[in-house]
Amino acid sequence: MLLLRVLLVWIALVLVQIGSGMIVQERSSAGNNALPWFLLSNLLVAAVLCFLAIRSDWHGVRLALALSAIPLLINLAN
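Not measured: the values here are computed from a predicted model. (Residues numbered from 1 in each chain as written. Predicted model: local features only at pLDDT ≥ 70, side-chain atom pairs only at ≥ 80, totals over all residues. Heavy atoms only, no water.)

S.K.: Would you take a moment to explain the overall build of the protein chain for this structure?
M.R.: Within the protein chain, the secondary structure is distributed over 3 helices and 0 strands. Counting from the amino terminus, the protein chain carries its helices and strands in the arrangement α-α-α. Looking at the protein chain as a whole, 21% of its 78 residues are labelled buried. By sequence separation, contacts in the protein chain at least 24 residues apart represent 58% of the contacts at least 6 residues apart. Carbon and sulfur atoms form 71% of the exposed surface of the protein chain, whose accessible area is close to 5800 Å². (Helix = DSSP H or I, 4+ residues; strand = E, 2+ residues; numbered from the N terminus. Buried < 20%, exposed > 50% of the residue type's maximum accessible area, 1.4 Å probe, protein only. Contact = heavy atoms within 4.5 Å. Areas by Shrake-Rupley, 256 points an atom, 1.4 Å probe, with all protein chains shown as cover.)

Okay, here's the thing in structure tokens:
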């Protein structure tokens, strides 16, 4: 059940990052607005990871590896 939730959250994060990247690309020809969108995207990822950590039954290394895999997979998907 937790794996399904993690997968759904990962898919949502990827879609949010793709959407915010498209918005930044359309609105900014020189990339001068990229920093706020970059920070917002990272804040959303961090917030979801914190939520998953709080709600998880896992502890220690198992939780750390599971949570660190999410941003890694997001970066690999881009």
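On we go from here.
S.K.: Before we go on, may I ask you to explain the nonpolar core in this structure?
M.R.: Most often, soluble globular proteins keep nonpolar side chains buried together rather than apart. Counting residues in each nonpolar core, the largest one holds 9 residues, listed as Leu-13, Val-14, Val-45, Leu-49, Leu-52, Leu-63, Leu-67, Ile-70 and Ile-74. Only helix H1 (2-27), helix H2 (34-55) and helix H3 (60-77) provide two or more residues apiece to this core. With 4 residues, H3 is the single largest residue contributor to this core. (Core = buried A, V, L, I, M, F, W, Y, C linked by side-chain atoms within 4.5 Å.)

S.K.: Help me understand the environment of Leu-67, please; the structure alone is not making it clear to me.
M.R.: By the element assignment, Leu-67 lies in helix H3. Judged by relative accessible area, Leu-67 falls into the buried class, the value being 17%. In this view, Leu-67 contacts Leu-49, Leu-52 and Ala-53; residues no more than four positions away in its chain are not counted.

S.K.: Would you take a moment to explain the confidence of the model for the protein chain for this structure?
M.R.: Segments scoring low in pLDDT should not have their predicted coordinates read at a detailed level. For the protein chain, the mean per-residue pLDDT works out to 75, and 78% of the residues sit at or above 70. No element of the protein chain has a lower mean pLDDT than H1, at 72, and none a higher one than H3, at 81. (pLDDT = per-residue confidence, 0-100.)

S.K.: Is there a simple way to think about the side chain of Ser-56 in this case?
M.R.: Counting through the fold element by element, Ser-56 comes out in the loop between H2 and H3. Engagement of the side chain of Ser-56 in a polar contact is seen with the backbone nitrogen of Trp-58, the distance being 2.9 Å. Contacts of Ser-56, omitting those with residues within four sequence positions, involve Leu-2 and Leu-63. (Polar contact = N/O pair within 3.5 Å; in protein donor to acceptor, adjacent residues only side chain to side chain.)

S.K.: Sorry, what's going on with the environment of Arg-5 here?
M.R.: Within the secondary structure, Arg-5 is located in helix H1. Once the C-alpha coordinates of Arg-5 and Leu-52 are considered, the two residues, 47 residues apart in sequence, prove to be 8.8 Å apart.

S.K.: What am I meant to see in H3 here?
M.R.: Side chains that are three or four residues apart share a direction in an α-helix, a result of its 3.6 residues per turn. Under the 1.5 Å per step criterion, the end-to-end length of H3 is 26 Å for 18 residues, consistent within 8% with the ideal 26 Å. Among the residues making up H3, those that are buried are Leu-63, Leu-67, Ile-70 and Ile-74. (Expected span 1.5 Å × (residues − 1).)

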